[in-house]
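A look at the structure
Single-letter residue listing:
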Amino acid sequence: MSYQVSEKVEKIFNKLLSMDQVQQGLDFIEQDQEQAIKDQKEIVMIEAPTFQEAKRAADYAKRLRELGLSNVHVDKHGNVLGTYLGKGDGPTILLEAHLDTVFPFGTDVTPVEKNGRIYAPGICDDTRGLAANLSVVRALQATGIETAGNIIVAGTIAEEGIGGMYGMRTLLEDHPEIDATISIDGSGRDSIVYQGTGIRNYQVSYTGPGGHAYGAFGLPSPIHAAARTIAQLSDMRPPDKPKTTFTVSLVEGGHQIHAIAEKAMFKINMRSDTAAELDRLEAKAIEIFKAGAKEENERWGRDAVKVEYEKIHDTPAGSQPSDSVIVQAAWKATESVGVKPRLAAGGCTNTNMPIMMGIPAVTLGRGGKEGGVHSLGEWFDPEGVYRCPQKSFLMLMALAGVRGVTEPLMD
Ligand SMILES: [Zn+2]
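Residues numbered from 1 in each chain as written. Predicted model: local features only at pLDDT ≥ 70, side-chain atom pairs only at ≥ 80, totals over all residues. Heavy atoms only, no water.

Broken down by element type, the protein carries 11 helices and 20 strands. For the C-alpha atoms alone, the extent of the protein along its principal axes is close to 85 × 45 × 40 Å. Counting across all 411 residues of the protein, residues that qualify as buried make up 56%. For the protein, long-range pairs separated by at least 24 residues make up 80% of all intrachain contacts whose partners lie at least 6 apart in sequence. Carbon and sulfur atoms provide 50% of the accessible area of the protein, an area that totals close to 17600 Å². (Helix = DSSP H or I, 4+ residues; strand = E, 2+ residues; numbered from the N terminus. Buried < 20%, exposed > 50% of the residue type's maximum accessible area, 1.4 Å probe, protein only. Contact = heavy atoms within 4.5 Å. Areas by Shrake-Rupley, 256 points an atom, 1.4 Å probe, with all protein chains shown as cover.)

This part is about the coordination of the zinc ion. Taken together, the protein ligands of the zinc ion are His98 (NE2), Asp125 (OD), Asp185 (OD) and Asp185 (OD), with distances of 2.0 to 2.5 Å. Classification of the site at the zinc ion rests on its four donor atoms, whose angles at the metal span 53 to 145 degrees, yielding the label irregular. Read in sequence order, the donor residues coordinating the zinc ion give the pattern H-x26-D-x59-D. Taken together, the positions of Asp125 in the loop between strand 5 (117-119) and helix 5 (127-143) and Asp185 in the loop between strand 7 (178-184) and strand 8 (191-193) put the pair 60 residues apart, joining distant regions of the chain. Neither residue differs from the other here; Asp125 and Asp185 are each classed as buried. (Donors = N, O, S within 2.8 Å, 3.2 Å for Na, K, Ca; no water. Tetrahedral: all angles 85-135°; square planar, octahedral: opposite > 155°, others 65-115°.)

Glancing now at helix 7 (residues 222-234). The α-helix winds at 3.6 residues per turn, so residues separated by three or four positions along the chain end up facing the same way. The terminal C-alpha atoms of helix 7 lie 18 Å apart, and with 13 residues this matches the ideal 18 Å at 1.5 Å per residue to within 8%. Of the residues making up helix 7, those classed as buried are Pro222, Ala225, Ala226, Thr229 and Leu233. One side of helix 7 carries all its buried residues, which in axial view fall inside an arc of 100 degrees. Among the residues of helix 7, the N-terminal cap falls to Ser221, whose side-chain oxygen and the backbone nitrogen of Ile223 are separated by 3.1 Å. (Expected span 1.5 Å × (residues − 1). Arc of directions from axis to C-beta. Polar contact = N/O pair within 3.5 Å; in protein donor to acceptor, adjacent residues only side chain to side chain.)

Moving on: the sheet that holds strand 10 (residues 198-207). The four strands are arranged 12-14-10-15 in an open sheet whose pairing can be described as antiparallel. Each of the sheet's edge strands pairs with one partner strand only, and the pair in question is strand 12 (244-253) and strand 15 (306-315). Each strand axis lies, on average, 15 degrees off the axis of its neighbour in the sheet, ignoring direction. Across the sheet, helix 7 is in contact with strand 10, strand 12 and strand 14 (263-272); its angle to strand 14 comes to roughly 15 degrees. Strands strand 10, strand 12, strand 14 and strand 15 of the sheet are contacted by helix 8 (residues 275-300), whose axis makes an angle of about 5 degrees with strand 10. (Pairing = 2+ DSSP bridges. Axes fitted to C-alpha atoms, helices over the stretch in contact; angles between N-to-C directions.)

This part covers the packing of aromatic side chains. Scanning all chains against the criterion turns up eight aromatic pairs. Taking the centre distance of 6.3 Å and the plane angle of 55 degrees together, the rings of Tyr202 and Tyr309 count as tilted. Taken together, the positions of Tyr202 in strand 10 and Tyr309 in strand 15 put the pair 107 residues apart, joining distant regions of the chain. Since its relative accessible area comes to 5%, Tyr202 is described here as buried. (Phe/Tyr/Trp six-rings, centres within 6.5 Å; stacked < 30°, edge-to-face > 60°.)

A common way to state how big an interface is: give the accessible area lost once the parts meet. As far as domains go, the protein holds domain 1 (7-196 + 317-400) and domain 2 (198-315). Here the C-alpha centre of domain 2 lies 40 Å away from the C-alpha centre of domain 1. On the domain 2 side, the residues contacting the 13 residues of domain 1 number nine residues. At the junction of domain 1 and domain 2, the tally comes to zero salt bridges. Linking domain 1 with domain 2 are one residue pair in polar contact (both at pLDDT 80 or more). Where the side of domain 1 that touches domain 2 is concerned, the elements lending two or more residues are strand 9 (195-196) and strand 16 (318-319). Of the residues that constitute the side of domain 1 that touches domain 2, the class distribution is four nonpolar, nine polar and no charged. (Domains from an automatic or database assignment. Salt bridge = Lys/Arg side-chain N within 4 Å of Asp/Glu carboxyl O. Nonpolar A, V, L, I, M, F, W, Y, C, P; charged D, E, K, R; others polar.)

Axis separation between helix 9 (residues 325-336) and helix 11 (residues 387-400) bottoms out at 9 Å; the angle between their running directions is 135 degrees. Put simply, helix 9 runs oblique to helix 11. Viewed along their axes, helix 9 and helix 11 form a crossing whose handedness is right-handed. Residues Ile326, Ala329, Ala330, Ala333, Thr334 and Ser336 of helix 9 form the contact with helix 11, whose own contacting residues are Lys391, Leu394, Met395 and Leu399. (Parallel < 35°, antiparallel > 145°, perpendicular 65-115°, else oblique. Left-handed = near helix turned anticlockwise from the far one by under 90°.)

Further remarks concern the pattern of salt bridges. Following the criterion strictly, the structure yields 29 salt bridges and no others. A salt bridge links Asp126 to Arg366; the nearest nitrogen and oxygen atoms lie 3.3 Å apart. Remark: Arg366 occurs in the loop between strand 18 (361-364) and strand 19 (369-371) and Asp126 occurs in the loop between strand 5 and helix 5; sequence separation between them is 240 residues. As far as burial versus exposure is concerned, Asp126 and Arg366 are alike and both buried. A salt bridge links Arg228 to Glu296; its shortest N-O distance comes to 2.8 Å.

Below, the structure is given as structure tokens:
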């Protein structure tokens, strides 16, 4: 599939790439790779479970301050922000990575180097994003390039799991001046995430009086009701496009083999790349939660099993056209550093939040080779990884505009 970049975007990139300062910036970032990896190995040592990022946030603020950004601070939610001041009245662009990791306090996070790889829980996700963005800041400062708009560089809290992208959401709510966002997260040097996969998780419970399997035979069973429900849920057929998925897990219930249970529970995870399909799937699932109880009661002719369900997580879905200007810019920036770009399908990254709010946004891959993400065996191979901050650097120039040289692509 060929991807079309508009003449306007094409021209801006040609102009940028012909500038000495931009070439200096790109060279600087390539030479800065070692420093960025040193930062990465230091930051990974500061444990930062979701909602417990304070220590890492303080360290990141110190780093941004040392690099000379303006107004560096930790906000009331725990996000770290610093600003590279623009010299015109261009748009404000956010470049961010998330501070939190999925590992609890006490995890051994000491980096170990073996066969060209760095092993440490969290070394990629998203410590690499944080370190890569520091390299971008150093390049901005080293070249003194005059962007038209301000660039906010941030470390956000609570991206992972239960965090539900809380940091990104609050940061955008507190900063309505932000016109576009670039998140660095996820593997790959070619990936451009421009959609936000929505997630809805439910906990469903069935309760009944329970009783002896033999003595109380004839009573509807919460476990049987849950099983009827799960069987029907399994038969749901959401569309392939937009990708829409579900799975039931964490099934519990009963305490004795010879007892009709008093309670059964399960959880269901539903996702879709569009809000409309997610709504449809959710409505269908809720109908089925109730049908399972009803059918079990009807089977025995007694209204004994009750169903309750609760939404325990909600990440909004959202989408932008694949030919939107920010996606085109990401495409060009990726090509410009010698990498063939790839539009990712779906995605569940901090980019969900801006997309939902109508702010142009992309998530770009961290750039190195990586594996075992979210496991204790997480590893990172830094070969050629400087291309990631190079992409971000070009994106920032293109989106924010360079004073007297290029018009900002965002407005
Ligand atoms: Zn991540």
